[in-house]
Every structure is written in C-alpha cells, then in structure tokens.
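Structural overview
Single-letter residue listing:
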Amino acid sequence: MGASPRIAIDAMGGDTGPSVMLAGAARAHDARADLRFLLFGDKAAIQAELDKHPSLAGVVEIVHCDDVIAGTEKPSQAIRRAKTTSMGRAIAAVKTGQANAALSAGNTGAMMAMSKLALRTIPGIHRPALAALLPTLGENDLVMLDLGANTESDTQNLVQFAVMGAAYARVALDLKRPRVQLLNIGTEELKGTDELKDAAAILREADYLGMRFDGFIEGDKISRGDADVVVTDGFSGNIALKTAEGTARFVTDLLRRAFTSSTRSKIGFLISRPATELLKHHLDPNNHNGAVFLGLNGIVVKSHGNANAKGVANAIRVAGRLVREDLTRKIAEDLANIDAHRAPVAAK
C-alpha cells in the first residue's frame with residue numbers, strides 16, 4: 001500500500017458535485033497531509049473549484065470524463081457506461097492500482113453494481129454488504145450491515161457479514177473484540193428465521209475470531225450502545241436505517257417547533273441551547289458519513305448525496321483509514337480462519 005493513501009473521487013456525484021467534493025477533500029487533507037487525490041469528472045468544473053483550495057496544490061490529479069451517472073439511472077444501464085463515466089472510472093482506478101480507494105456521492109445502486117463487476121468479491125465472500133457507522137448512547141458508534149446491498153441473505157451470508165462487520169469495527173472503532181449481534185424480532189434463541197438461528201449457532205462457536213457474539217438484538221435497542229456490530233439482511237437493514245434517520249429528523253423538527261411556539265419557549269431554548277447543540281451534533285449525519293462496500297477486492301466508500309464539506313471529509317477519512325489498516329486483507333484472513341475451523345466439523 002504506500003504511506004500515502006490515494007483516493008479516487010467521483011467529483012460529479014452527489015447533489016452539488018465538485019464544489020462540495022473539493023471542499024471536503026481540502027478539509028480532509030488539512031487533517032491528514034498524507035492524503036492524495038485522483039479526481040474524475042469535468043476538468044473545467046473541477047479546476048474552477050480546485051482554484052479555491054490552494055492547500056490541494058500538488059496532491060491532486062484531474063482525469064477528465066464527459067459522462068456522469070444520473071441519480072435516477074438503473075444499475076443495469078449504468079454498467080454499460082462504466083468505462084466512460086466519472087463514477088465508473090474512479091472505481092476502475094482501484095482495480096488498476098492507480099488508487100487505493102474510491103469515493104462517490106452518486107447513485108448507490110449503480111455504484112454497487114459497478115464495484116462488484118470491476119473489483120469482484122474477496123475469495124470466499126458470496127455477496128458484498130453495505131456497512132455504515134451509526135450513533136449510539138454508548139462509548140462508541142456501531143457498525144451496521146447490510147444496509148441495502150442484498151434484499152435476501154442466507155445463513156452463510158449473515159455469518160460472512162458478521163466477520164466483515166467485526167473486522168471493520170476493529171479498524172474504525174479501535175475495538176479488539178467488538179460485540180456482534182444479529183437483528184431479530186426478539187432476543188430469545190427460538191425466535192427468528194431458520195437462517196438467523198443457524199447463523200447464531202455458527203457464530204456462538206466462533207470464539208477464535210476477533211469478536212464476541214452476543215446473540216440477538218431488537219430494533220429498539222440498536223442505539224442503546226449495547227452492541228458494536230449489528231448484522232441483518234439488506235432489506236431489514238435499509239428499513240431500520242431509514243427509520244432511524246426519519247426519527248432523528250422528527251425529533252429535531254419537533255424540538256425546533258416547540259422552542260419557537262411562544263416567547264417563553266424561545267427563552268427556554270436560549271437556556272437549553274448547549275444541550276440542544278449537543279443533540280444536533282450527535283444526530284448530524286455528516287458526522288457519520290461514509291458507508292463502505294465490504295467484501296470487495298478493494299475499498300469503495302459511499303458518501304451521502306446531500307453531504308456537506310464536513311461529511312465528505314469524514315467519508316474520505318474513513319477511506320484513508322481503511323487503506324492504512326489494510327481492511328481487505330484482515331477480512332480475508334478472518335474468513336480463512338472461520339473456514340479452517342469449520343472444515344474439520346463438516347468432515348465428521
């Protein structure tokens with residue numbers, strides 16, 4: 001890998017394109033001077049924004065692309081234009097070794113399809129998963145996966161998601177043995193689908209891995225801080241994520257309405273402002289921006305389409321750290337470890 005992570009950025013992705021992507025890159029580079037960037041997109045538009053950030057001089061290379069993937073474009077259509085688009089070429093740069101990681105704020109479905117086609121999965125991994133960090137009331141955030149890459153997942157998929165999520169948590173959260181739980185409709189061992197119960201049985205025996213399996217968790221306990229990794233299929237995970245995001249917006253909007261309803265409420269807001277600012281910071285999605293496609297032969301990070309410069313910088317920080325810690329290798333090693341331990345059992 002090299003001491004200086006080189007991040008390939010789709011500069012045209014997201015709601016605002018080059019302006020926020022370049023501002024985020026500048027912010028990330030101010031925090032970590034070892035970062036280097038390969039920017040894909042309209043050269044003139046990128047250069048205009050680059051001129052506003054002199055700190056990026058000497059650490060950026062622009063690759064002109066005429067084509068851009070639209071947010072409404074179907075993955076099957078996007079794949080056909082992968083070789084000409086800013087997103088497709090950014091991902092291809094990881095495959096060819098020009099970059100150590102790819103980042104885009106564009107179409108999630110197209111990004112996953114292109115990434116799978118270009119990078120393929122780590123040997124032994126059947127399906128990649130989309131993982132993200134979510135805020136909790138505990139001492140650290142938690143890793144949750146899958147958040148939408150797979151609508152259905154069998155036992156083996158869930159076990160592999162747990163292995164990948166634990167490896168990610170060890171890197172992103174600095175945990176030696178992250179607590180792993182499977183999302184279920186109850187905590188009792190008899191509850192849930194056969195796939196969940198079988199995955200739980202396998203993970204209970206996997207004490208040789210760098211994780212601690214703590215059984216099942218219900219949706220209302222995700223944010224309590226009692227788990228470091230929550231594993232589920234992409235259908236349930238995406239619903240859980242969108243519900244959590246909607247609840248956060250509901251709470252902040254409700255507080256804003258309550259504090260502006262009367263003069264007394266406005267005075268109360270001024271008194272409680274330190275607490276509300278803390279709440280706002282905790283619920284700000286930009287502080288947790290940067291979902292990762294785990295299980296691929298390369299690092300690909302997805303930024304929110306509406307992320308601001310701080311959010312983009314955080315997604316770049318995630319990509320840089322995963323490069324430095326060689327996450328792909330660690331996942332492959334853990335997967336080989338679980339296969340090695342299960343082989344003698346299967347042979348009996």
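What comes next concerns the included structure. Since this is a predicted model, take the numbers as computed values, not measurements. (Residues numbered from 1 in each chain as written. Predicted model: local features only at pLDDT ≥ 70, side-chain atom pairs only at ≥ 80, totals over all residues. Heavy atoms only, no water.)

Regarding the overall build of the protein
If you tally the helices and strands in the protein, you get eleven helices and eleven strands. Out of the 348 residues in the protein, the part that is buried amounts to 48%. Just so you have it, the protein exposes about 16,600 Å², and 54% of that area is on carbon and sulfur atoms. (Helix = DSSP H or I, 4+ residues; strand = E, 2+ residues; numbered from the N terminus. Buried < 20%, exposed > 50% of the residue type's maximum accessible area, 1.4 Å probe, protein only. Areas by Shrake-Rupley, 256 points an atom, 1.4 Å probe, with all protein chains shown as cover.)

Considering the pairing of strand β8 (residues 212-217)
With four bridges connecting them, strand β7 (residues 179-183) and β8 associate as parallel partners. Note that in β8 the partner of Leu 182 across the bridge is Phe 216. Considered for its hand, the β-α-β crossover made up of β7, helix α7 (residues 194-204) and β8 is right-handed. (Pairing = 2+ DSSP bridges. Right-handed = clockwise from strand over helix to strand, strands pointing away.)

Details of a nonpolar patch on the surface
On the surface, Phe 250, Val 251 and Leu 254 cluster together to form a nonpolar patch covering roughly 260 Å² of accessible area. Considering the arrangement of structural elements, one finds Val 251 in helix α8 (residues 234-259). For Val 251, a relative accessible area of 31% puts it in the partly exposed group. (Patch = residues over 30% accessible without salt bridge, like charges linked within 9 Å, V, L, I, M, F, W, Y side chains within 5 Å. Salt bridge = Lys/Arg side-chain N within 4 Å of Asp/Glu carboxyl O.)

Some points on the pairing of β7
In the case of a regular strand, side chains alternate between the two sheet surfaces. Of all five residues in β7, four are buried; the element is thus mostly enclosed. Pairing geometry for β7 and strand β9 (residues 229-231), over three bridges, is parallel. Residue Val 180 lies in a different strand from β9, and its bridge partner there is Val 229.

Regarding the side chain of Thr 136
Turning to its location among the elements, Thr 136 is positioned in the loop between β5 (129-134) and β6 (142-145). A polar atom in the side chain of Thr 136 sits 3.0 Å from the backbone nitrogen of Gly 138. Side-chain polar atoms of Thr 136 contact the backbone oxygen of Asn 140, separated by 2.6 Å. (Polar contact = N/O pair within 3.5 Å; in protein donor to acceptor, adjacent residues only side chain to side chain.)

Digging into the packing of helix α1 (residues 18-31) against helix α10 (residues 309-324)
Across the interface, α1 lies against α10 with an axial gap of 7 Å and an inter-helix angle of 60°. Relative to α10, α1 is oriented oblique. Two packed elements cross with a definite hand, and for α1 against α10 that hand is right-handed. Between α1 and α10, the residues in contact are Val 20, Met 21, Ala 23, Gly 24, Ala 25, Arg 27 and Ala 28 and Ala 309, Lys 310, Val 312, Ala 313 and Ile 316, respectively. Within the contact of α1 with α10, the residues separate by chemical class into nine nonpolar, one polar and two charged. (Axes fitted to C-alpha atoms, helices over the stretch in contact; angles between N-to-C directions. Parallel < 35°, antiparallel > 145°, perpendicular 65-115°, else oblique. Left-handed = near helix turned anticlockwise from the far one by under 90°. Contact = heavy atoms within 4.5 Å. Nonpolar A, V, L, I, M, F, W, Y, C, P; charged D, E, K, R; others polar.)

Description of the layout of surface pockets
Taken as a whole, the second largest pocket holds about 250 Å³ of empty space. Lining the second largest pocket are 14 residues, and of these Leu 183, Thr 193, Leu 196, Asp 233 and Ser 236 sit closest to its centre. Here the residues of the lining of the second largest pocket sort into four nonpolar, seven polar and three charged. (1 Å grid on protein atoms, 1.4 Å probe; cavity = no way out; pocket = protein on both sides within 12 Å on 5 of 7 lines; lining within 4 Å. Points joined across faces, edges and corners; volume = space filled by probe spheres on them.)

Points about the pattern of salt bridges
Under the defined criterion, the tally for this structure stands at 16 salt bridges. Between Glu 49 and Lys 52 there is a salt bridge, with its nearest N and O atoms 3.3 Å apart. Classification of Glu 49 as buried rests on a relative accessible area of 15%. Take Lys 52: its relative accessible area is 55%, and that puts it in the exposed class.

As for the nonpolar core
In terms of nonpolar packing, the biggest core is built from 73 residues, with Phe 37, Tyr 168 and Ile 316 touching the most fellow members. The dominant element in this core, judged by the number of residues it contributes, is helix α6 (residues 155-172), at twelve residues. Beyond its immediate chain neighbours, meaning those up to four positions away, Tyr 168 contacts Ala 131, Leu 133, Val 143, Leu 173, Gly 290, Val 292, Leu 294, Val 318, Leu 322 and Leu 327. Of all hydrophobic cores here, the second largest spans 28 residues; its members include Val 94, Ala 102, Met 144 and Val 300. (Core = buried A, V, L, I, M, F, W, Y, C linked by side-chain atoms within 4.5 Å.)

Structural notes on the packing of helix α4 (residues 86-96) against helix α5 (residues 108-119)
Two elements in contact, α4 and α5, have axes whose closest approach is 10 Å; the angle formed by their N-to-C orientations is 30°. The angle between α4 and α5 places the two elements in the roughly parallel class. With respect to the hand of their crossing, α4 and α5 are arranged in right-handed fashion. For the pair α4 and α5, contact is made by Met 87, Gly 88, Ile 91, Val 94 and Lys 95 and by Ala 110, Met 111, Met 114, Ser 115, Ala 118 and Leu 119, respectively.

So, the sheet that holds strand β4 (residues 101-104)
Spatially, β3-β2-β1-β4-β11-β10-β5-β6-β9-β7-β8 is the arrangement adopted by the eleven strands of the open sheet, whose pairing is mixed. The outermost strands of the open sheet, each flanked by one partner alone, are β3 (60-64) and β8. Strand-to-strand, the axes of this sheet are offset by a mean angle of 25°, without reference to chain direction. Bridge analysis of strand β1 (residues 6-10) against β4 gives three bridges, and the strand direction is parallel. By the bridge assignment for β4, Ala 8 is matched with Ala 102. Against the sheet, helix α2 (residues 43-50) touches β2 (36-41) and β3, its axis set at about 155° to β3.

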